[in-house]
Amino acid sequence: MTEEEKLPDIPCGTETELGIIEEGEENPYSPGHDFVFNLAHPAMEMGEENITWDPEARIAGLSHSEKKHSSREEHTYFRALDWLARGNYLLCNGARFYDDADHPEVSTSLCRNSRQVVICSRACYRWIDDLRKKYREVLGRKYIIFRNNIASRGIDNPIPGLPGPRVSFACHENYAFPRSVPEHILIAKMIPWLIFRTPIIGAGKVGADNDMPWANFQISARADFIECLTGNQTTERRPLYNTRDDPLADEELWRRIHVIIGDSNMLELPDDLKLGLTSILLLMIRDGKMDNRFELLDPLRSFWKVSRDLDLRELYSFRNGPRRTALDCLKEYADLFWNYLDTQQPSNEIYKEVVGYFFEILELLDKRDWEGLFGKLDWVTKRMVIEHSCARRGRGWQSDWATKIDYDYHNNNHQEGLFFTRILPSIKTVQISADEEIKQLRAIRISTDEEIKQAMLEPPPTRSRWLTETRFKFRKQVFSSDFWHKITFTSKKPKELTTLRFNNPYTAWNAELAERLLSLPLPEFLEAVPNAGLDATVGNRARLDFRIGRDYDPDDYEFIELPPPWWL
């Protein structure tokens, strides 16, 4: 096992697709394309850079896993010159903001633990809300942005009463993990956890989808859309365990675990639990400390069942051992996680804090203390809000009003949205003592406003900062980048490009080293970086544009790299 494989954390991040409508527009079709592409509008006063995104792996359909399974998925959408030119933006905090087939989507920079992800994701959501306000102020466009997982087929217009089945968009998680652990072991040990964690990370939703039987309310917004055990699809035949693992690192050493069955959370605590506890499980799998005791007889049906198990009393069948409830399994996971940290990583305070929250939530779930869980778990909070609102108006679960509140809960408007104006202010703390009050407050907020503000302006001290700082420093000489680990520079030679790769997801930011390296001219920088202890490599390749099959012409592309938002 390498030194990196022994480290006490798992590099991770999230990708969040956003629902969007434009207020006052008769055309119900998604304005997501305009929301992203209009960043290039002169009235937005954004600086333009002649840099384009490098989606080589997606276009070719040649990720490590896809090559292994002899699958060749075509991504013709990503060949569009307009999309390459204006559909991708590297934010100054290392996040990627882009258009994904008419959905605005934002990916956090690479983080080293769940708390960093919570801070970075909230910074991204606040940046998007600031952008929404900017569109209204400058262009008169009135967008409503939703951090949810459900839309109507063909449109992103969450208005109750629209005909047709709904479709789902996602909040994906990504974890960097050693390829030395066989994939079949990962699948066997990951799937049960991804199912049973639902009661602590679910966002909740009204109704049912995908021809599933009606349910007044479910814990998971995604469960009805999951249709098979494994596979590399993300938009149809979605699997419990996604095998697409383009690692954005040295693919011989690392895989990217791409989790697609989680929900988009408004509260911070479920995100902290989602990323933190899954990271602990992966550490245990990496270290050979997790057995197969949770292996289910019917994982897919169990996932559908857990989503509808609001009282957590249903029994599930396992290949070994007696039938147990989801809550029984979560309690056992909590003990395993704590024992692992206590014996293997006694100084890992961040993950110990996550497990501490886990125990608190399980105690409240065990008591079915829904009032105590209000403001801590999204699905419980949303369910209570809808119940109380419908009761006051004499409406039922199948009413348009219940659906409207479901969507309103996820409105990302930080000044007017239901979550920010009605739910957060209504959360009260139990004032037993000063220390206890602080503890209760921290169970609701993982980040602070100052941390979020800082995370809007700079990347976390990870590999993402190296890539972002390098991109900004040498922006005039950058040909393309994949935003996470690879930058390709133009060369004085007419048919040659030079590509810099940061191969290790554990590479940490070193301010002193960065000051020395980034003060060099590009040729000297590229010569020095491979010997600087950053696990970086530099190589040349022919200047052939893989996207359109001809030599690259810089005049065909424009790229916008956003400075710190000047309107903040």
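Residues numbered from 1 in each chain as written. Predicted model: local features only at pLDDT ≥ 70, side-chain atom pairs only at ≥ 80, totals over all residues. Heavy atoms only, no water.

## Thoughts on the overall build of the protein chain
- Secondary structure summary: the protein chain contains 20 helices and 24 strands in total.
- Looking at the protein chain as a whole, 61% of its 568 residues are labelled buried.
- For the protein chain, the share of sequence-separated contacts (at least 6 apart) that also reach a separation of at least 24 residues comes to 71%.
- For the protein chain, the accessible surface area stands at approximately 22,700 Å², while carbon and sulfur atoms represent 49% of it. (Helix = DSSP H or I, 4+ residues; strand = E, 2+ residues; numbered from the N terminus. Buried < 20%, exposed > 50% of the residue type's maximum accessible area, 1.4 Å probe, protein only. Contact = heavy atoms within 4.5 Å. Areas by Shrake-Rupley, 256 points an atom, 1.4 Å probe, with all protein chains shown as cover.)

## Description of the pattern of salt bridges
- Tallying each qualifying case throughout the model produces 38 salt bridges.
- The residue Arg 115 makes a salt bridge to Glu 451 at a minimum N-O spacing of 3.0 Å. Placement of the pair is Arg 115 in helix α5 (residues 114–139) and Glu 451 in helix α17 (residues 449–455), with a sequence separation of 336 residues.
- Taken together, the salt bridges that share partners define one network made up of Arg 166, Lys 205, Asp 209, Asp 224 and Arg 308. (Salt bridge = Lys/Arg side-chain N within 4 Å of Asp/Glu carboxyl O.)

## Digging into helix α6 (residues 183–196)
- Taking 1.5 Å as the rise per residue, α6 with 14 residues should run 20 Å; its terminal C-alpha atoms sit 20 Å apart, in good agreement.
- Helix geometry: α6 is bent most strongly at Met 190, by close to 30 degrees, with proline Pro 192 lying one to four residues after it.
- With 11 of 14 residues buried, α6 is to be regarded as a mostly interior element.
- Within α6, the full set of buried residues consists of Glu 183, Leu 186, Ile 187, Lys 189, Met 190, Ile 191, Pro 192, Trp 193, Leu 194, Ile 195 and Phe 196. (Expected span 1.5 Å × (residues − 1). Bend = angle between axes of the 7 residues up to and from the residue.)

## Comments concerning the packing of α6 against helix α9 (residues 299–307)
- Two elements in contact, α6 and α9, have axes separated by 9 Å at closest approach and are oriented at 15 degrees. Between α6 and α9, the interaxial angle falls into the category roughly parallel. Taken as a pair, α6 and α9 cross one another with a handedness that is right-handed. For the pair formed by α6 and α9, the contact residues are Ile 191, Leu 194, Ile 195 and Phe 196 on the first element and Pro 299, Ser 302, Phe 303 and Val 306 on the second. (Axes fitted to C-alpha atoms, helices over the stretch in contact; angles between N-to-C directions. Parallel < 35°, antiparallel > 145°, perpendicular 65-115°, else oblique. Left-handed = near helix turned anticlockwise from the far one by under 90°.)

## Quick word on the packing of α5 against helix α8 (residues 268–286)
- It is the contact of α5 with α8, at a shortest axis distance of 8 Å, that shows an interaxial angle of 135 degrees. What the angle tells us is that α5 and α8 run oblique. As for how α5 packs across α8, the hand of that crossing is right-handed. Judged by residue contacts, Ser 114, Arg 115, Val 117, Val 118, Ser 121 and Arg 122 of α5 engage Glu 268, Asp 271, Asp 272, Leu 275 and Gly 276 from α8.
- Classifying every residue of the contact of α5 with α8 gives 3 nonpolar, 3 polar and 5 charged. (Nonpolar A, V, L, I, M, F, W, Y, C, P; charged D, E, K, R; others polar.)

## A few points about unusual backbone geometry
- Look at Leu 312: it is not a glycine, yet its phi comes out positive at around 55 degrees.
- Residue position: Leu 312 is located in the loop between α9 and β16 (315–316).
- Overall, the relative accessible area of 2% leaves Leu 312 in the buried class.
- Positive phi is not limited to glycine here, since Phe 483 has a value of about 80 degrees.
- Following the sequence through the fold, Phe 483 ends up in the loop between β18 (478–481) and β19 (486–490).

## Quick word on the side chain of Asp 263
- As for its position among the elements, Asp 263 is in the loop between β15 (254–259) and α8.
- Salt bridges are absent for the buried Asp 263, whose nearest opposite-charge side chain, Arg 222, sits at 5.6 Å.
- Here the side chain of Asp 263 touches Ala 203 through a polar contact of 2.8 Å, landing on its backbone nitrogen.
- A polar side-chain atom of Asp 263 sits 2.9 Å from the main-chain amide nitrogen of Ala 221. (Lys, Arg positive; Asp, Glu negative; His and termini not counted. Polar contact = N/O pair within 3.5 Å; in protein donor to acceptor, adjacent residues only side chain to side chain.)

## Observations concerning the pairing of strand β7 (residues 143–146)
- Side chains Tyr 143 and Ile 145 project from β7 onto one buried face, and the interleaved Ile 144 and Phe 146 project onto a second face that is buried too.
- Relative to β7, strand β2 (residues 19–22) is paired through 4 bridges, and the arrangement is antiparallel. Within the sheet, the bridge partner assigned to Glu 22 lies in β7 and is Tyr 143. (Pairing = 2+ DSSP bridges.)

## Section: the environment of Asp 328
- Among the structural elements, Asp 328 can be located in helix α10 (residues 326–344).
- Distance from Asp 328 to Arg 313, taken between C-alpha atoms, is 9.5 Å for residues 15 residues apart in sequence.

## Some words on the pairing of strand β6 (residues 104–107)
- Here β6 shows two buried faces, one formed by Pro 104 and Val 106 and the other by Glu 105 and Ser 107.
- Judged from the 3 bridges that link them, strand β1 (residues 12–17) and β6 form a sheet pairing that is antiparallel. Within β6, the position partnered with Glu 15 by the bridge is Ser 107.
- Strand direction decides the pairing type here: strand β5 (residues 96–99) and β6, joined by 4 bridges, are antiparallel. Residue pairing across strands places Tyr 98 opposite Glu 105, the latter belonging to β6.
- Taking the residues between adjacent antiparallel strands as the criterion, β5 and β6 are bridged by 4 residues, where Ala 101 takes a positive phi near 55 degrees.

## Looking at the side chain of Ser 121
- Positionally, Ser 121 belongs in helix α5.
- Here Val 118 takes part through its backbone oxygen, which lies 3.1 Å from a polar atom of the side chain of Ser 121.
- When neighbours within four sequence positions are excluded, Ser 121 is seen to be in contact with Thr 14, Thr 108 and Asp 271.

## Here's the deal with the packing of aromatic side chains
- Applying the stated criterion across every chain yields a total of 23 aromatic pairs.
- Their ring planes at 50 degrees and their centres at 5.6 Å tell us that Phe 217 and Trp 397 sit as a pair that is tilted. With Phe 217 in strand β12 (residues 217–218) and Trp 397 in the loop between α13 (378–393) and α14 (400–408), this pair connects stretches of sequence that are 180 residues apart. Residue Phe 217 shares its accessibility class with Trp 397, and that shared class is buried.
- Considering the side-chain rings of Phe 474 and Phe 489, the 6.3 Å spacing of their centres and the 85 degrees angle between planes classify their relative orientation as edge-to-face. Within this pair, whereas Phe 474 is found in the loop between α18 (463–473) and β18, its partner Phe 489 is found in strand β19, the two being separated by 15 residues in sequence. For the residue pair Phe 474 and Phe 489, the accessibility class agrees, reading buried in each case.
- The structure contains a cluster of three or more aromatic residues connected by ring pairs, namely Phe 35, Tyr 89, Phe 97, Trp 127, Tyr 135 and Tyr 143.
- Over the ring of Trp 370 we find Arg 383; its NZ or CZ atom is 6.0 Å from the centre of that ring. (Phe/Tyr/Trp six-rings, centres within 6.5 Å; stacked < 30°, edge-to-face > 60°. Lys NZ or Arg CZ within 6 Å of the ring centre and 35° of its normal.)

## Brief notes about α9
- Most of α9 sits inside the fold, with 7 of its 9 residues counted as buried.
- Every buried residue of α9 is accounted for by Pro 299, Leu 300, Ser 302, Phe 303, Trp 304, Val 306 and Ser 307.
- Its buried side turned inward, α9 meets α6, α7 (198–201), β12, β13 (226–231), β14 (238–242) and β16.

## Some details on the environment of Ile 446
- One can find Ile 446 in the loop between α16 (434–442) and α17.
- Classification of Ile 446 as buried rests on a relative accessible area of 6%.
- Setting aside its immediate chain neighbours within four residues, Ile 446 contacts Arg 115, Val 118, Glu 268, Leu 269, Asp 272, Tyr 357 and Glu 451.

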